[in-house]
Amino acid sequence: MTTTDATSTDATPDVSADATTVAASVHADNTTFADFGVRQEIVDALSDAGIVQPFPIQAMTLPVAMSGHDIIGQAKTGTGKTFGFGVPLLHRVVAPGEPGFDELPSPGKPQALVVVPTRELAVQVANDLGTASKRRSVRIVQLYGGRAYEPQVEALTRGVEVVVGTPGRMIDLMNQGHLNLTRASIVVLDEADEMLDLGFLPDVEKILARTPAQRHTMLFSATMPGAVVSMARRYMKQPTHIRANDPDDGGQTVKNIEQVVYRAHALDKVEMLARILQADGRGRTIVFARTKRTAAKVADELVDRGFAAGSIHGDLGQGAREQALRAFRNGKIDVLVATDVAARGIDVEDVTHVVNYQCPEDEKTYLHRTGRTGRAGNKGTAVTFVDWDDIPRWSLIDKALGLGIPEPVETYSSSPHLYTDLHIPEGTKGRLPKDRRTLAGLDAEEIEDLGETGKRHTPAGGSRGRQGGRSDGGHRRGEQGDRGRSGGQGRSGGRRAEGERSGSRPEGEQAAATAGAPSENAPSEGGERRRRSRNRRRTRGGRPVEQQGGAEATAQPAE
């Protein structure tokens, strides 16, 4: 494999750059993807999608990646890094029908691998790669939990060139002998810091051990914790470290996102949110909650108030999660309520507002949430509600990011500054007027039958019943009120939530599979609890009934 000219084997050449300067030079020179020697079919496919000039991170990554050097890419979310690694990956992949395909050592075995932390990110990356390869016959398969194994196994059996997926399902398929990575000479680790948080790094190392020793490795991460750096040193050869800096915003928060923070009362939050959603110029909006229950409740409240809303959280089946995302992308709903981990990979254009309905856990979570808006040079607004109990947590976030809002102003749905700050028309109330209810709603987007694994149905009418059953065998770390920090907690929670642990079943299925007679406290078919019958001797005049010639010796079960 071609390496950089660094003198020592663990050297990491650092290519830092001002993103604004790079962007200016790219546009001034009218630089296009074709200028980097990319296959014409890829250039044309991107052009068909309206993508002609690369973003800064792409312009910095492409020259290094196209020459085969290992890369550590560090950039904020929303900067377009998917094509930064996707274009070089697709450029080197040989598709069926192209010259050299039949001469490959193992045609049909994966040539490239992209590992991501969450299902939604797997879908997003695979869709972007599909966009760039529309003029070629590259076969891309998505491997992640919550979906049936059979279609994924069939795709691997037919042959694929690119695999995109989450670690748990990949390891399951490797252990079953369906996924062979011995020819995957291109490996991408996306959102490496998030994989660390979810406890996936040991699984990632198992996957890397199954790939060729001589490979082209690209690692992308918003931050570079020590564990990620250590993994890079072990599995990468003289990587070039590329940073896309933007000094105007302090290097962390995005400068074109307006940050608004309010100290809000829990009982008034929904009313405040409903009025914010009627602000002038408000487009697609993502509302973040810390817990699954809150996400479902807020989405239901908004629907009751006339808004076209849906939710994504760990209690929904994969089909329901993808239904909500499709409805959001296709404009059938314009409000998406999501938990933190479930929202990883949501890359939707024209998200104008992000609302932190519950205060983020830490500054990293805050950056991830607010980074869903203000993407690719667009303007955005981030509103954060801080409960009284969350003031200490918010103070730490504010200090870490230097936001300059240590004490949020106390705000209610009737506060005049709420209207002026966010351009809400005077007189707006907490219900959307009927003449403005123009979107089709979540039910207009069909829910796809994915043959979901571990699905548990819930009664119709509730928030889960309407959007689908639960597909997770347990809670994902980060979607509960308290987020454990240990690797063990994160790993078990993340794996359970991905639905990727082979043999795991939800509580309902485990109960149904328990052998033996039903418990005395188990519900009967009629819905009532069975009572243990008691053998009582009926007496008359102090003597047992049978001694008096009675027909019955024992009474019926007590009423």
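Counting starts from 1 at the beginning of each chain's written sequence and moves along it residue by residue. Since the coordinates come from a predicted model, pLDDT governs what is reported: local features require at least 70, and pairs of side-chain atoms require 80 or more to be given and counted, while whole-chain, interface and lining totals use all residues. Based on all heavy atoms of the structure, the side-chain values leave hydrogens and waters out of the count.

Focus: the UniProt feature "short sequence motif: Q motif" (unreviewed entry) in the chain
Logical step 1: UniProt positions are given in the numbering used here, feature names are shortened, and annotations may be inferred rather than shown by experiment. Here, the residues flagged by UniProt with the feature "short sequence motif: Q motif" (unreviewed entry) are residues 31-59.
Logical step 2: Within residues 31-59, the helical portion is 45% and the strand portion 0%, while the C-alpha atoms at the span's ends are 9 Å from each other. Secondary structure elements are taken from DSSP: a helix is a run of H or I of four residues or more, a strand is a run of E of two residues or more, and numbering for both begins at the N terminus.

Here we look at the pattern of salt bridges
Pairs can form between side chains of opposite charge whenever their charged atoms are close.
Logical step 1: What makes a salt bridge here is a side-chain nitrogen of Lys or Arg within 4 Å of a carboxyl oxygen of Asp or Glu, nothing more. Per the stated rule, a full pass over the model turns up 23 salt bridges.
Logical step 2: Of the charged contacts in the structure, one is a salt bridge between D387 and K269, with a shortest N-O distance of 2.9 Å. Taken together, the residues span a long stretch of sequence, with D387 in the loop between β14 (380-386) and α15 (391-401) and K269 in helix α11 (residues 269-276) at a distance of 118 residues. You'll find D387 and K269 in the same group, each marked buried.
Logical step 3: When salt bridges with common partners are traced through the structure, they connect R290, E361, D390 and R393 into a single cluster. In this scheme, a residue with accessible area under 20% of its type's maximum is buried, one over 50% is exposed, and one in between is partly exposed, where area comes from a 1.4 Å probe on protein chains only.

So, the sheet that holds β14
Two strands in a sheet stick together by hydrogen bonds in their backbones, pointing the same way (parallel) or opposite ways (antiparallel).
Logical step 1: Two strands form a pair only when DSSP identifies at least two bridges running between them. The seven strands lie next to each other as β11-β12-β10-β13-β14-β9-β15, forming an open sheet whose pairing is parallel. Lying at the two open borders of the sheet, with one neighbouring strand each, are β11 (309-312) and β15 (409-410).
Logical step 2: Across seven bridges, the pairing between strand β9 (residues 257-263) and β14 is parallel. The residue of β14 that forms the bridge with V261 is T384.
Logical step 3: Together, β10 (284-289), β11 and β12 (335-339) form the strand contacts of helix α12 (residues 292-304), whose direction differs from that of β12 by roughly 165°. Any two residues having at least one pair of non-hydrogen atoms within 4.5 Å are treated as being in contact. Axis definition: a line fitted to C-alpha atoms, over the contacting stretch in the case of helices. Angles run 0 to 180 degrees between N-to-C directions.

Side note on the environment of S47
Logical step 1: Within the secondary structure layout, S47 lies in helix α2 (residues 40-48).
Logical step 2: Each C-alpha atom, one on S47 and one on A132, is 9.1 Å from the other, the two residues being 85 residues apart in sequence.

Let's talk about the packing of helix α14 (residues 363-370) against α15
Logical step 1: Contact pair α14 / α15: the axes reach a minimum separation of 9 Å and the direction vectors enclose 75°. By the angle between their axes, α14 is roughly perpendicular relative to α15. Here α14 contributes E363, Y366 and L367 to the contact with α15, which in turn contributes W394, I397, A400 and L401.
Logical step 2: Per-class residue counts for the contact of α14 with α15 are six nonpolar, no polar and one charged. An angle counts as roughly parallel when it lies under 35 degrees, as roughly antiparallel when it exceeds 145, as roughly perpendicular when it falls between 65 and 115, and as oblique in every other case. In this classification, the charged set is Asp, Glu, Lys and Arg, the nonpolar set is Ala, Val, Leu, Ile, Met, Phe, Trp, Tyr, Cys and Pro, and all remaining amino acids, among them Gly, are polar.

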